[in-house]
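# Fold and contact review
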Amino acid sequence: MKTIITIQHTQSVHHTNGMVGSWTDWELSELGVKQADKIGKKLKNELQEKNFVMYSSDLLRARQTAENVGRHLGISPELRKELRERNLGKCCGRSVQWLRENQEQQERTIDDRLFSDAESRRDEWNRLQPFFDEIMSNDEENIIIVSHGDLLSVFNTMFLNLGVESINNGEMFGLPGGVSYMFESDDGKRFIKRISDMSYLV
């Protein structure tokens, strides 16, 4: 049995100041640090003596979440660029309002890009796929992944063996600080038993 716990990074400064997240290095807010601490404490009680490995996006807000959670579990995250949020190109470092007023294309399919230098959802999927294949085929039985909302939505779809084209019709998004539990049985069947559980922040 393989167990995968995903954590969407907790509240970041860009959640409060109207700026685009994407590939910018926003820190966690003061609340976000406290939220990550709560997640770590609760996971420590749940996981008890189980040994986990942790992977995290290398962007600061995810890394800080992973480090705060990992401190309670006695583990340090391995930073992976594949787990970064989707790259939105030239709007990085600008406000959400600027994005809305200047986007070059509406996103109607997985191949559309808001800006010419941005990633499409298919690009994001292709970036994640090698990492996903790696963790699903290795011998690690207990894995924690700390990443971002858009990327984890792609991860959820991939985990359920749904093709990338299915994102044109629907997907599963979480919220900052949401914790999800996923399992793959020894015969290869996959289950998501908890999705973006926000009770870890209480």
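Presented here is a report on the structure given in the accompanying data block. (Residues numbered from 1 in each chain as written. Predicted model: local features only at pLDDT ≥ 70, side-chain atom pairs only at ≥ 80, totals over all residues. Heavy atoms only, no water.)

What follows deals with helix α3 (residues 60–73). For α3, with 14 residues, the first-to-last C-alpha span of 20 Å sits near the 20 Å given by 1.5 Å per residue. Of all 14 residues making up α3, 10 are buried, and the element is well covered by its neighbours. Buried within α3 are the following residues: L60, R61, A62, Q64, T65, A66, N68, V69, G70 and H72. Where α3 is buried, its residues touch β1 (2–8), α1 (14–17), α2 (30–47), β2 (53–57) and β4 (142–147). One or two positions beyond α3, positive phi appears at G74, with a value near 70 degrees. (Helix = DSSP H or I, 4+ residues; strand = E, 2+ residues; numbered from the N terminus. Expected span 1.5 Å × (residues − 1). Buried < 20%, exposed > 50% of the residue type's maximum accessible area, 1.4 Å probe, protein only. Contact = heavy atoms within 4.5 Å.)

The next thing to look at is the sheet that holds β1. Ordered in space as β3-β2-β4-β1-β5-β6, the six strands form an open sheet in which the pairing is mixed. Of all the strands in the sheet, just β3 (78–80) and β6 (190–197) have a single pairing partner and so form its edges. Looking at each pair of strands side by side, their axes are set apart by 20 degrees on average, direction ignored. Direction of pairing for β1 relative to strand β5 (residues 179–184): antiparallel, over a ladder of six bridges. Following the sheet pairing, T6 is matched in β5 by S180. (Pairing = 2+ DSSP bridges. Axes fitted to C-alpha atoms, helices over the stretch in contact; angles between N-to-C directions.)

Further remarks concern the layout of surface pockets. A volume near 590 Å³ is recorded for the largest pocket. Of the residues belonging to the lining of the largest pocket, the class tally is 10 nonpolar, 10 polar and eight charged. If you add up the space inside the second largest pocket, you get close to 160 Å³. What lines the second largest pocket is simply K44, L47, Q48, E49, K50, N51, F52, H72, L73 and I75. (1 Å grid on protein atoms, 1.4 Å probe; cavity = no way out; pocket = protein on both sides within 12 Å on 5 of 7 lines; lining within 4 Å. Points joined across faces, edges and corners; volume = space filled by probe spheres on them. Nonpolar A, V, L, I, M, F, W, Y, C, P; charged D, E, K, R; others polar.)

Looking now at empty space enclosed by the protein. Evaluation of the coordinates by the stated rule reveals one cavity of 30 Å³ or more. Considered as a void within the structure, the largest cavity measures approximately 70 Å³ in volume. In terms of lining, the largest cavity is formed by T6, I7, Q8, L152, N156, G174, L175, G178, S180, I195 and S196. Elements supplying a minimum of two residues to the lining of the largest cavity: β1, α6 (149–159) and β6. No other element matches β1, which puts three residues into the lining of the largest cavity. Split into classes, the residues belonging to the lining of the largest cavity amount to four nonpolar, seven polar and no charged.

A word on the pattern of salt bridges. Scanning the model with the defined rule gives 22 salt bridges in all. Ionic pairing is found between E67 and R63, a salt bridge with its closest N-O pair at 3.8 Å. Separated by four residues within a single helix, E67 and R63 lie in helix α3, roughly one turn from each other. Given the relative accessible area of 26%, R63 is considered partly exposed. As a salt-bridge pair, R113 and D123 come within 2.8 Å of each other at their nearest N and O atoms. With a gap of 10 residues between them, R113 in the loop between α4 (96–102) and α5 (121–137) and D123 in helix α5 connect regions that are remote in the sequence. On the basis of relative accessible area, R113 is assigned to the partly exposed category, the value being 31%. Here the residues in one salt-bridge network are R86, E107, R121, E124, D150 and E171, joined through shared partners. (Salt bridge = Lys/Arg side-chain N within 4 Å of Asp/Glu carboxyl O.)

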